[in-house]
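# Secondary and tertiary structure notes
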Amino acid sequence: MTGSEVSPSFRLAYVPGVTPAKWVRIWNERLPDVPLTLLTAAAAAAPDVLRAGGADAGFVRLPIDRTDLSAIPLYTETTVVVIPKDHVVAAVDEVAVGDLADEVVFHPLDETLEWERRPGRPAYERPATTEDAVELVAAGVGVLVVPQSLARLYHRKDLTYRPVTDAPESRVALAWPEAETTDLVEDFIGIVRGRTVNSSRGRAQTPPKGKGTGTDKDVARAKAAPAKRKPGASGKPKGKGGRPTGGAPKRGKPRRRS
C-alpha cells in the first residue's frame, strides 16, 4: 500500500438510547476487513456532526434539519413517564398526559420530544440533561417523560416507568451526508433495512466453495464418463419369471435316435 492510499473504515454516530450492536455485528460478519468505529453524539448535535464530516452515517432522533442530509426513518418509540417505585402512577399499567397535570414534570435542555403544550407543572429550573432529570426523579422532586429507550438507559433500581398513551413519540432514523452516499454507506443502509448479502442493491460477495462446488475439469470429466448400467439390465423386455421375451427360442440338446 502506498502512502497516498488510506485503509477503508466506517464511522457510525448514534444518539443516547439507540443500541446499534445488532447492526454492528452484521457489519463485522459481512465486511470483516473494514473496521467500524462507534461515536456517541447528543441528539441535538448529531446532525451537525454528520454535516461536518465527523461520521459517515448516524442514528438520529427526528425531526432534524435535513439540509444536506438524507434520512431513512427506522422505528417509533413508546413514550413513558419515569417515576419512583412508590409513586401512585406505579399502581396502573398506563397513563394519559392529563393524569400528570398535578405533577412537577421535568423538561431537560436535551429533551427529544416535541410538545405543543408541555404537561404538568413546570420545575423551578430545567435540568441540563436527561440523566440529571432522572436523578431528580429519584430524589422525589418530580417526574420525567421520555422515550422508553432513555428510561432503560438511565434505569435505577428505585425507579420504574409507565407508558403515556397520548404523548408525542420519538422516531429514530439513519442519516448521512447527502453528497457522501458512498458504497460503504449503501452497505450499511442495506444492513439496517435487512437486505441479504446478495441483494440487488447491495454489493454481492463471492460465496466460499464448499463440497457441492467443483472445477470445470470435474464437470467435463463427469460428462465424458459412461453411464453405469444397473445389474441385470439387458435392454430387452422381460416376461414371466424374468426371462426375456421375443427373439429366437433357446435350443436344448438334440434327441438321440433309437
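Everything that follows concerns the structure shown earlier in this document.
My aim in this report is to walk through the structure given alongside it, one point at a time. Treat the numbers as computed from the prediction; the structure is a model and nothing was measured. All residue numbers here refer to positions counted from 1 along the written sequence of the relevant chain. Where totals are concerned, whole chains, interfaces and linings use all residues; where local detail is concerned, this predicted model gives features only for residues with pLDDT of at least 70, and gives and counts side-chain atom pairs only at 80 or more. By convention in this description, side-chain values take in all heavy atoms of the structure and omit both hydrogens and water.

Take the overall build of the chain next. Each helix is a run of DSSP H or I of at least 4 residues and each strand a run of E of at least 2, with the numbering of both proceeding from the N terminus. Looking only at helices and strands, the chain features six helices and 10 strands. Buried positions account for 36% of the 258 residues belonging to the chain. Excluding contacts between residues fewer than 6 apart, the proportion of contacts in the chain whose partners are at least 24 apart in sequence is 68%. A total of about 17,500 Å² of accessible surface is found on the chain, and carbon and sulfur atoms cover 51% of it. The classification of residues rests on relative accessible area computed with a 1.4 Å probe and restricted to protein chains. Under 20% of the type maximum is buried, over 50% is exposed, and intermediate values are partly exposed. Residue contacts are defined here by distance: any two heavy atoms, one from each residue, within 4.5 Å place the two residues in contact. What sets the accessible areas is the Shrake-Rupley method with a 1.4 Å probe; for residues, cover comes only from the shown protein chains.

Further remarks concern the environment of Y14. When you line up the elements, Y14 lands in strand β1 (residues 10-14). With 44 residues separating them along the chain, Y14 and G58 place their C-alpha atoms 5.3 Å apart. Apart from the residues within four sequence positions on either side, Y14 is in contact with P20, L38, L39, T40, A41 and F59.

Time to look at the packing of helix α1 (residues 21-30) against helix α5 (residues 183-192). A fitted line through C-alpha atoms represents every axis, and for helices the fit uses only the stretch in contact; the resulting angles, taken between N-to-C directions, go from 0 to 180 degrees. Axis separation between α1 and α5 bottoms out at 10 Å; the angle between their running directions is 125°. Classified by the angle between their axes, α1 and α5 sit oblique to one another. You can see that α1 and α5 cross each other, and the crossing is right-handed. Between α1 and α5, the residues in contact are W23, I26, W27 and R30 and L184, D187, F188, I191 and V192, respectively. A breakdown of the residues in the contact of α1 with α5 according to their chemical character gives seven nonpolar, no polar and two charged. Roughly parallel means an angle under 35 degrees; roughly antiparallel means over 145; roughly perpendicular covers 65 to 115; every other angle is labelled oblique. Helix crossings get a hand from a simple test, with the near helix turned counterclockwise from the far one by less than a right angle marking a left-handed crossing and a clockwise turn marking a right-handed one. When residue character is reported, Ala, Val, Leu, Ile, Met, Phe, Trp, Tyr, Cys and Pro are called nonpolar, Asp, Glu, Lys and Arg charged, and the others, Gly included, polar.

What follows is about the sheet that holds strand β5 (residues 79-84). Two strands form a pair only when DSSP identifies at least two bridges running between them. Spatial strand order, β7-β6-β8-β5-β9: five strands in an open sheet with mixed pairing. Each of the sheet's edge strands pairs with one partner strand only, and the pair in question is β7 (121-122) and β9 (159-163). As defined by bridge partners, β5 adjoins strand β8 (residues 143-147) across four bridges and the pair is classed as antiparallel. The residue of β8 that forms the bridge with V80 is V146.

What counts as a ring pair is set by centres within 6.5 Å for rings of Phe, Tyr and Trp (its six-membered ring), and what kind of pair is set by the plane angle: stacked under 30 degrees, edge-to-face over 60, tilted for all other angles. Summed over all chains, the structure comprises five aromatic pairs. Consider the rings of W23 and F59, whose centres lie 4.9 Å apart with planes at 25°: the pair is stacked. Separated by 36 residues along the polypeptide, W23 in helix α1 and F59 in strand β3 (residues 57-62) bring together distant segments of the chain. Owing to a relative accessible area of 0%, F59 belongs among the buried residues under this scheme. Within the aromatic cluster, the residues linked to one another by ring pairs are F10, W23, W27, F59 and F188.

A separate point is the pattern of salt bridges. Between Lys or Arg on one side and Asp or Glu on the other, a salt bridge is scored when a side-chain nitrogen of the former is within 4 Å of a carboxyl oxygen of the latter. Enumeration over the complete set of coordinates arrives at eight salt bridges. A salt bridge links R61 to E77; the nearest nitrogen and oxygen atoms lie 2.8 Å apart. Of this pair, R61 sits in strand β3 while E77 sits in the loop between β4 (69-76) and β5, and the two are 16 residues apart along the sequence. For R61, a relative accessible area of 4% puts it in the buried group.

The five strands are arranged β2-β1-β3-β10-β4 in an open sheet whose pairing can be described as mixed. In this open sheet, the two strands that pair with only one neighbour each are β2 (36-40) and β4. Taken over all neighbouring pairs, the strand axes of this sheet differ in orientation by 25° on average, direction set aside. Note that β1 and β2 share five bridges and pair parallel. For A13, the partnering residue across the bridge sits in β2 and is L39.

Looking now at α5. For α5, the buried fraction is high: eight of the 10 residues fall into the buried class. Taken residue by residue, α5 has L184, V185, D187, F188, I189, G190, I191 and V192 as its buried positions. Where α5 is buried, its residues contact β1, α1, β2, β3, β4 and β10 (171-177). Phi turns positive one or two residues past the end of α5, at G194, with a value near 80°.

Any N or O atom pair separated by 3.5 Å or less is treated as a polar contact, with the protein-specific requirement of one donor-capable and one acceptor-capable atom, and with residues adjacent in sequence counted only for side-chain atom pairs. Here P16 takes part through its backbone oxygen, which lies 3.2 Å from a polar atom of the side chain of R61. Among the polar contacts made by the side chain of R61, one reaches the side chain of E77 at a distance of 2.8 Å. Those residues in contact with R61 that sit more than four places away from it in its chain are V15, P16, G17, E77, T112, P147, S149, L150, S170, R171 and V172.

With that out of the way, let us pick up unusual backbone geometry. A cis amide bond links L62 to the next residue, P63, at an omega of 0°. Within the secondary structure, P63 sits in the loop between β3 and β4. Its identity is not glycine, yet D68 carries a phi of approximately 70°, on the positive side. Within the secondary structure, D68 sits in the loop between β3 and β4. Overall, D68 belongs to the exposed group, its relative accessible area being 52%.

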